[in-house]
Amino acid sequence: MVSPCKIGSPAGHTDDASGPETASDAAVVEASVPIPAETEALVQDQTSASVLKPSPVTASALTSVPASTGASTGALSADSQPRSVSPSAPASLPVPPSAPSSLSASKALLFSAACGLAVANIYYAQPLLDALASEFGVAPAAVGLVVTVTQICYALGLLLLVPLGDLLNRRRLIVVQMLLSAGALLIVGTAPSALVLLAGLAAVGLLAVVTQVLVAYASTLASSAERGSVVGVVQSGIVIGILLARTFAGTLTDLAGWRSVYLTSALLMFVTGAALYRILPDVHHTKTELSYPRLLRSVFALFIEERLLRIRAVLAFLIFTVFSTLWTALVLPLSAPPLSLSHTAVGAFGLAGAAGALAAARAGRLADRGLGQRTTGLALVLLLASWGFIGFTPHSLAAAVIGVILLDLAVQAVHVTNQSLIFTVRPEARSRLTAGYMIFYSLGSATGAIASTSLYAIGGWNGVCLFGAAVSGLALLFWAVTRGRGPE
């Protein structure tokens, strides 16, 4: 007798267990398939077994797949099954397209590095606010508008561009956005006026959402058992890129002026886009059948339907309001007397923040183990406590460093946990889930940027710290009230 031939998804495909692209529950089709004469001869040469005789293919062997497995990638679809089977002719069984196995460590690091380079573009301006205000004649109290415009356009990009990851080829979408970002950075680096500068930064913010397309793509490539870990690695690259952007921008500004920051970044984005085109796997994924307008409307529908998304989006708004409050205003007391630090020294504070972000990378693994709520609560307590140290910044750089580490550790831990949890809600809509969630991230960042510089002009550093502590306390209270009202 002929051994059954098992046809299904590749063994390495272990994407989300609940999504349409899963392989863990794929049906196995067993059929008796004729063996060609050449194969029979080869078997006879290699074994002493008796000659194998082909068995005819029966129609029932091909149609015994349960209907419930039709959504699985490994199952044969109705369109791909033969309409008729001739007992005298060999069956031509369709083989499903190969799918990726779990994301390798090297590719996860590549995603992380690309995300870090891309997201850094919207944060270069923060340690350069005094230099920009001086060159373009902008009042110090209003210079936070530079960051706010970038973040608002980033929010628009999240709504308009990120959902395209569920509609278009993600590999091409990522590469095109990287190359367009290089062009926008070139405009900023050569801006002759404040108006052109703001227009260029608006385009930079709009296109920087490529980071979220990369995050959604990485989560699709990862298996369900390691999705939190992969998201943690990629998100670490994003937060480190945000923080090291200050070090990079401050050092280059002292060496060659602020324009060199954006011109260098334009070159890096072009090179990275070309590298991603060659390295990114072009993996097939189930694309939505929605039109683009309906795709955008579905982002808002997800908020109505998914309570977990609403809760985690509000937390994102609050923690990134706090994050932006610190990092937008920090340059002002550090560069003013009595500290009077250089741009390089101010940017070096990003190294302290990066240490905190790296320490929080494990948060995704804790979420995988079902400890997302505990991780969130502990991180929010640390976020509130960090302002006790940050308040001493004008008098103690050591206290400032401790506060920065604690704040970035807390923000990164909550952020990674948030995304690890929401990616389990609708596997087929991860780009739209990311877009909806990150809109609140961006709105929080814009709120913190404009509020911190305005409060600094009114109440000094103490006013900024009181605002940051108040929002941190509100985030902790919100988490305490919403936890336990349904499973997460």
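Residues numbered from 1 in each chain as written. Predicted model: local features only at pLDDT ≥ 70, side-chain atom pairs only at ≥ 80, totals over all residues. Heavy atoms only, no water.

Q: Could you give an account of unusual backbone geometry, with specific residues and numbers?
A: A cis amide bond, omega 10°, links Pro-337 with the succeeding residue Pro-338. Turning to its location among the elements, Pro-338 is positioned in the loop between helix H13 (331-335) and helix H14 (343-359). Phi is positive for Ser-340, close to 50°, though the residue is something other than glycine. As for its position among the elements, Ser-340 is in the loop between H13 and H14. Among the residues examined, Ser-340 registers a relative accessible area of 43% and is labelled partly exposed. (Helix = DSSP H or I, 4+ residues; strand = E, 2+ residues; numbered from the N terminus. Buried < 20%, exposed > 50% of the residue type's maximum accessible area, 1.4 Å probe, protein only.)

Q: Requested: an account of the environment of Thr-264, with residues and values cited.
A: Of note, Thr-264 is situated in helix H10 (residues 259-279). Remark: the alpha-carbon pair of Thr-264 and Leu-186, spanning 78 residues in sequence, is separated by 8.9 Å. Beyond its immediate sequence surroundings of up to four residues, Thr-264 is in contact with Phe-248 and Leu-252. Among the polar contacts listed, one links the side chain of Thr-264 to the backbone oxygen of Ser-260, at a separation of 2.7 Å. (Contact = heavy atoms within 4.5 Å. Polar contact = N/O pair within 3.5 Å; in protein donor to acceptor, adjacent residues only side chain to side chain.)

Q: Go over helix H12 (residues 307-329) with me, naming the residues and quoting the values.
A: An α-helical turn contains 3.6 residues, so a residue and the one three or four places further along point in the same direction. Along its 23 residues, H12 runs 34 Å from first to last C-alpha, staying within 8% of the 33 Å computed at 1.5 Å per residue. Most of H12 is tucked away: 19 of the 23 residues are buried. (Expected span 1.5 Å × (residues − 1).)

Q: Outline the packing of aromatic side chains, supporting the account with residue identities and numerical values.
A: Tallying each qualifying case throughout the model produces 9 aromatic pairs. Both rings, one in Tyr-124 and one in Tyr-262, keep their centres 6.0 Å apart while their planes meet at 90°; by these two values the pair is edge-to-face. Here Tyr-124 is found in the loop between helix H3 (105-119) and helix H4 (129-136), whereas its partner Tyr-262 is found in helix H10, with 138 residues between them in sequence. Plain terms: the ring middles of Phe-136 and Trp-258 are 5.8 Å apart, the flat faces sit at 65° to each other, and that makes the pair edge-to-face. A residue pair is termed long-range when its members are at least 10 positions apart, and Phe-136 in helix H4 and Trp-258 in the loop between helix H9 (227-256) and H10 qualify at 122 residues. On the accessibility criterion, Trp-258 (6% relative accessible area) is buried. Ring pairing ties together the aromatic residues Tyr-124, Phe-136, Phe-248, Trp-258 and Tyr-262, which thus form one cluster. The lysine or arginine in question, Arg-171, covers the ring of Tyr-277, its NZ or CZ lying 4.6 Å from the ring centre. (Phe/Tyr/Trp six-rings, centres within 6.5 Å; stacked < 30°, edge-to-face > 60°. Lys NZ or Arg CZ within 6 Å of the ring centre and 35° of its normal.)

Q: Now, about empty space enclosed by the protein: what can you tell me, with residues and values included?
A: Applying the stated criterion across every chain, the model contains 3 cavities of 30 Å³ or more. If you add up the space inside the second largest cavity, you get close to 50 Å³. Around the second largest cavity, the lining residues are Gln-126, Pro-127, Arg-246, Trp-327, Leu-330, Val-331 and Val-346. Broken down by class, the residue content of the lining of the second largest cavity amounts to 5 nonpolar, 1 polar and 1 charged. (1 Å grid on protein atoms, 1.4 Å probe; cavity = no way out; pocket = protein on both sides within 12 Å on 5 of 7 lines; lining within 4 Å. Points joined across faces, edges and corners; volume = space filled by probe spheres on them. Nonpolar A, V, L, I, M, F, W, Y, C, P; charged D, E, K, R; others polar.)

Q: Could you give an account of the environment of Ala-131, naming the residues involved and the relevant values?
A: Along the chain, Ala-131 falls in helix H4. A relative accessible area of 18% means that Ala-131 is categorised as buried.

Q: Explain the pattern of salt bridges residue by residue, including any values.
A: When the charged atoms of two side chains lie near each other, side chains of opposite charge can form a pair. Under the definition given, this model contains 1 salt bridge. A salt bridge links Arg-259 to Glu-135; the nearest nitrogen and oxygen atoms lie 2.9 Å apart. Of this pair, Arg-259 sits in helix H10 while Glu-135 sits in helix H4, and the two are 124 residues apart along the sequence. The class for Glu-135 is partly exposed, based on a relative accessible area of 42%. (Salt bridge = Lys/Arg side-chain N within 4 Å of Asp/Glu carboxyl O.)

Q: I'd like a description of a nonpolar patch on the surface, backed by residues and values.
A: On the surface, a cluster of nonpolar side chains totalling about 380 Å² of accessible area is made up of Ile-152, Leu-156, Leu-160, Leu-206 and Tyr-292. For the nonpolar patch, the leading source of residues is helix H5 (residues 145-160), giving 3 residues. By the secondary structure assignment, Leu-156 is in helix H5. Looking at Leu-156, the relative accessible area reads 43%, which means it is partly exposed. (Patch = residues over 30% accessible without salt bridge, like charges linked within 9 Å, V, L, I, M, F, W, Y side chains within 5 Å. Areas by Shrake-Rupley, 256 points an atom, 1.4 Å probe, with all protein chains shown as cover.)

Q: Before we move on, can you summarise the confidence of the model for the chain with the specific residues and values?
A: Residues at a pLDDT of 70 or more form 75% of the chain, whose mean pLDDT is 75. Of all the helices and strands in the chain, strand S2 (residues 29-31) carries the lowest mean pLDDT, 37, while helix H16 (residues 372-390) carries the highest, 94. Confidence over residues 1-101 falls short of pLDDT 50; this stretch has 131 contacts with residues more than four positions distant or in other chains. (pLDDT = per-residue confidence, 0-100.)

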